[in-house]
Amino acid sequence: SYSVTGVQTCALPISNPEKAAELEAALSGKPFREPTWPIFAPGESIATRNASGKALSAAAEAYPNLVGGSADLTGPNVTALPGNSYSAENRDGRMLHYGIREFAMAAISNGLALSGIWKPFCATFLVFSDYLRPALRLSALMKLPVIYVLTHDSVYLGEDGPTHEPVEHLASLRVMPNLLVLRPADAEETALAWATALSRRDGPTALILSRQNLPVLVKDDQYWRETMATGAYIVKNSASAPDVTLLASGSEVSLALEASKLLEPAQVRVVSVPSLETFLNQPEALKHAIIGGAGMVAACEAGVSSPWFALTDKVLGINRFGESGPGNKVAEHLGLSDRKSTRLTSSHRIRSR
């Protein structure tokens, strides 16, 4: 027999051992079969929302109890699940169509998590996380392992305009206790972020994903998959102690790599920080080992700059609302483009915008 949230249930018929094994895996939080995560090639260009969709498909194969849906944004969120959708006529469907009901979606996800059996995810644009925040707060407070897929993560949305371009949202999520916020820099980080979220049992995880394509990065830390659990790892190392260390998350890691080329032959280290709050909670010795010695440290993120001042006072962020226009033009206007990457390489010019 099995206990679901403390309530004893009847024994499953011995004639259905596969379903019994599925239930046992679900109650333990483990996959029913080992996931076959997608493989991405260095240099490949893919939006992290699309990489997330590939990882979600792999997760759905491994976790028969994985269920979820989007707030009327299944296509843009890339969160379609294989098989039929859940309905009154089809109770076997794993994909839920919530409609434009972000709060109800998150509240229902909490209820599914409370069952002790289902592993729920829900999805919307990052800017709309405001609408579901009360239910998300309860996910964190009640230690429910709900996965929040939040795409369209920055001013690179461009033509969607400032109403849809999140600026303060990433910082507001980071200050919520017991919420793990992961903003991956490329497709490989995204797949690992999904694996991390699925293994978590004591709280929700927010996956912050890009609409625009990002290159799959060549990573100098050969153990980056293990190091990423600390919240940060070295993408590009220097031959000796770094003169400059550039910190960034998400799409801005690629920008930091472009900026690092402008500093050659200086010794430059680039660090990806997919989980800033996790990294800030590490021992000082570990943070020092990843950031480097006493050289200049600067940070870059397409959002408000205040969270990064815990690591450096040299931050290129966005402390204003965005603009409407082509994404690359908006980024250039706000100082977040390859043409303006020199802002990351001059200590007297690096300040919050």
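For every chain, the first residue of its written sequence is number 1, and the numbers climb from 1 along that sequence. Confidence filtering applies because this is a predicted model: local features only for residues at pLDDT of at least 70, side-chain atom pairs given and counted only at 80 or more, and all residues used for totals across whole chains, interfaces and linings. Side-chain numbers come from the whole structure's heavy atoms, not from hydrogens or water.

(A) Summary view of the overall build of the protein. Secondary structure elements are taken from DSSP: a helix is a run of H or I of four residues or more, a strand is a run of E of two residues or more, and numbering for both begins at the N terminus. Across its full length, the protein holds 12 helices and 15 strands. What the globule rule says is 2.2 Å times the number of residues to the power 0.38, and the radius of gyration is computed from C-alpha atoms. At 21 Å, the protein has a C-alpha radius of gyration in line with the 20 Å of a compact globule built from 353 residues. Principal axes of the C-alpha set define a box for the protein whose edges measure 70 × 40 × 35 Å. Each residue is placed in one exposure class: buried if its accessible area under a 1.4 Å probe, protein chains only, is under 20% of its type's maximum, exposed if it is over 50%, and partly exposed if it falls in between. Each of the 353 residues in the protein was classed as buried or not, and the buried ones make up 56%.

(B) Representation of helix α9 (residues 252–261). Here α9 lies mainly inside the structure; 8 of its 10 residues are buried. Of all the residues in α9, the buried ones are Glu252, Val253, Ser254, Leu255, Ala256, Leu257, Ala259 and Ser260.

(C) Main features of the side chain of Lys219. For Lys219, the location among the structural elements is in the loop between β10 (213–215) and α8 (224–227). A polar contact of 2.6 Å, which involves the side chain of Lys219, links it to the side chain of Glu188. Setting aside anything within four residues of it in sequence, one finds Lys219 in contact with Asp186, Glu188, Trp224, Tyr233 and Val235. In the analysis that follows, any N or O atom pair within 3.5 Å is treated as a polar contact, provided that within protein one partner can donate a hydrogen and the other can accept it, and provided that, for residues neighboring in sequence, both atoms belong to side chains. Contacts are assigned to residue pairs with any non-hydrogen atoms lying within 4.5 Å of each other.

(D) Structural view of helix α4 (residues 102–114). The span one expects for a helix is its residue count, reduced by one, times 1.5 Å. For α4, which comprises 13 residues, the first-to-last C-alpha distance of 19 Å matches the rise-based estimate of 18 Å (1.5 Å per residue) to within 8%. For α4, every residue scored as buried is listed here: Glu102, Met105, Ala106, Ser109, Asn110, Leu112 and Ala113. The buried residues of α4 occupy one face: seen down the axis, they fall within an arc of 160°. The secondary structure elements touched by the buried residues of α4 are β4 (66–70), β6 (119–125), α5 (129–141) and β7 (147–151). Phi turns positive one or two residues past the end of α4, at Gly116, with a value near 80°. In this context, the arc is that of the directions from the helix axis out to the C-beta atoms.

(E) Quick look at the nonpolar core. Counting 25 residues, the largest nonpolar core has Leu136, Tyr148, Leu150, Leu173, Leu179 and Ile208 as the members making the most contacts within it. Counting residues per element, the ones that place at least two in this core are α4, α5, β7, α6 (169–174) and β9 (205–208). Aside from chain neighbours lying at most four places away, what touches Leu173 is Leu126, Arg133, Leu136, Leu150, Leu179, Val181 and Ile208. In plain words, nonpolar cores are sets of buried Ala, Val, Leu, Ile, Met, Phe, Trp, Tyr and Cys residues tied together by side-chain atoms within 4.5 Å. Counting residues in each nonpolar core, the second largest holds 21 residues, with Ala59, Tyr63, Met95 and Leu182 among its members.

(F) Inspection of the sheet that holds strand β8 (residues 180–182) at higher detail. Following DSSP output, two strands are said to pair if at least two bridges run between them. Read from one edge of the open sheet, 6 strands run β5-β4-β6-β7-β9-β8, paired in parallel fashion. Only two strands of the sheet have a single partner each, and these edge strands are β5 (95–97) and β8. Ignoring strand direction, the axes of neighbouring strands in this sheet form an average angle of 20°. Relative to β9, β7 is paired through 4 bridges, and the arrangement is parallel. Considered in β9, the bridge of Tyr148 is made with Ala206. Axes, fitted as lines to C-alpha atoms, cover a helix only where it is in contact. Angles between the N-to-C directions of the axes lie from 0 to 180 degrees.

(G) View of the packing of helix α2 (residues 48–62) against helix α7 (residues 187–199). In the contact formed by α2 and α7, the axes pass within 9 Å of each other and the chain directions differ by 45°. Taken together, the axes of α2 and α7 lie oblique to each other. In this structure, α2 crosses over α7, and the sense of that crossing is right-handed. Only Ala187, Thr190, Ala191, Trp194 and Leu198 of α7 make contact with α2, whose side of the interface consists of Thr48, Ala51, Ser52, Ala55, Leu56 and Ala59. Classification used: nonpolar for Ala, Val, Leu, Ile, Met, Phe, Trp, Tyr, Cys and Pro, charged for Asp, Glu, Lys and Arg, polar for all others including Gly. Looking at the contact of α2 with α7 residue by residue, the class counts come to 8 nonpolar, 3 polar and no charged. We call two directions roughly parallel when the angle between them is under 35 degrees, roughly antiparallel when it is over 145, roughly perpendicular when it lies between 65 and 115, and oblique otherwise. Left-handed describes a crossing in which the near helix is turned anticlockwise from the far one by less than a right angle; the clockwise case is right-handed.

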